[in-house]
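Chain by chain, the residues run as shown.
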Amino acid sequence: QVHVVESGGGLVQAGGSLRLSCVASNSEFSMEPWAWYRQAPGKPREFVAEFRSGATINYAEAVEDRFTVWRENAKSTAYVQMNKLKPEDTAVYYCQHGGAWGQGAGVGVST
């Protein structure tokens with residue numbers, strides 16, 4: 001069993017940047033896929049980015065070229081660097097790994 005915890009959320013102006021981290025409690029799952037999702041107020045949860053097996057990374061079209069994800073297996077941690085943030089990126093961001101979901105990290109982008 002694994003637990004994941006996100007951190008790094010906050011409030012920024014449009015065009016700014018934030019980095020979220022997701023730490024897993026169990027390093028045995030370090031090679032499992034990681035994924036980021038987000039849920040804006042009043043909207044369903046949506047896919048943001050994911051690591052699949054090997055070196056495959058997929059991004060949602062809405063964030064491609066602005067968000068970058070990477071992982072540090074030795075730290076059981078995944079990251080998402082979010083640049084050129086837009087008000088529509090405002091959401092709670094969730095990490096998923098090893099079948100577990102984190103509690104979410106809030107990101108607010110003001111105009």
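Because the structure is a prediction, the values reported are computed rather than measured. (Residues numbered from 1 in each chain as written. Predicted model: local features only at pLDDT ≥ 70, side-chain atom pairs only at ≥ 80, totals over all residues. Heavy atoms only, no water.)

Novice: Which residues make up the packing of aromatic side chains, and what are the values?
Specialist: Overall, the coordinates contain three aromatic pairs when judged by the stated rule. Residues Tyr37 and Phe47 carry aromatic rings whose centres are separated by 5.8 Å and whose planes lie at 75° to one another, so their mutual orientation is edge-to-face. Pair noted here: Tyr37 is in strand β4 (residues 34-39) and Phe47 is in strand β5 (residues 46-51), with a separation of ten residues, a long-range link. On the basis of relative accessible area, Phe47 is assigned to the partly exposed category, the value being 27%. Pairwise contacts between aromatic rings join Tyr37, Phe47 and Trp101 into one cluster. The ring of Tyr94 is capped by Arg45, whose NZ or CZ atom sits 3.8 Å from the centre of that ring. Here the guanidinium or amino end of Arg45 rests over the ring plane of Trp101, the centre of that ring lying 4.7 Å away. (Phe/Tyr/Trp six-rings, centres within 6.5 Å; stacked < 30°, edge-to-face > 60°. Helix = DSSP H or I, 4+ residues; strand = E, 2+ residues; numbered from the N terminus. Buried < 20%, exposed > 50% of the residue type's maximum accessible area, 1.4 Å probe, protein only. Lys NZ or Arg CZ within 6 Å of the ring centre and 35° of its normal.)

Novice: Please give an account of the nonpolar core that cites residues and values.
Specialist: Judged by nonpolar contacts, the single largest core of 28 residues is most densely connected at Leu20, Trp36, Phe67, Met82 and Tyr93. Those elements giving two or more residues to this core turn out to be β3 (18-24), β4, β5, β7 (67-72), β8 (77-82), β9 (91-97) and β11 (105-110). Each residue touching Met82, except ones within four places of it in the same chain, is listed here: Gly16, Ser17, Leu18, Leu20, Arg66, Phe67, Tyr93 and Val107. (Core = buried A, V, L, I, M, F, W, Y, C linked by side-chain atoms within 4.5 Å. Contact = heavy atoms within 4.5 Å.)

Structural measurements only, silent on function.
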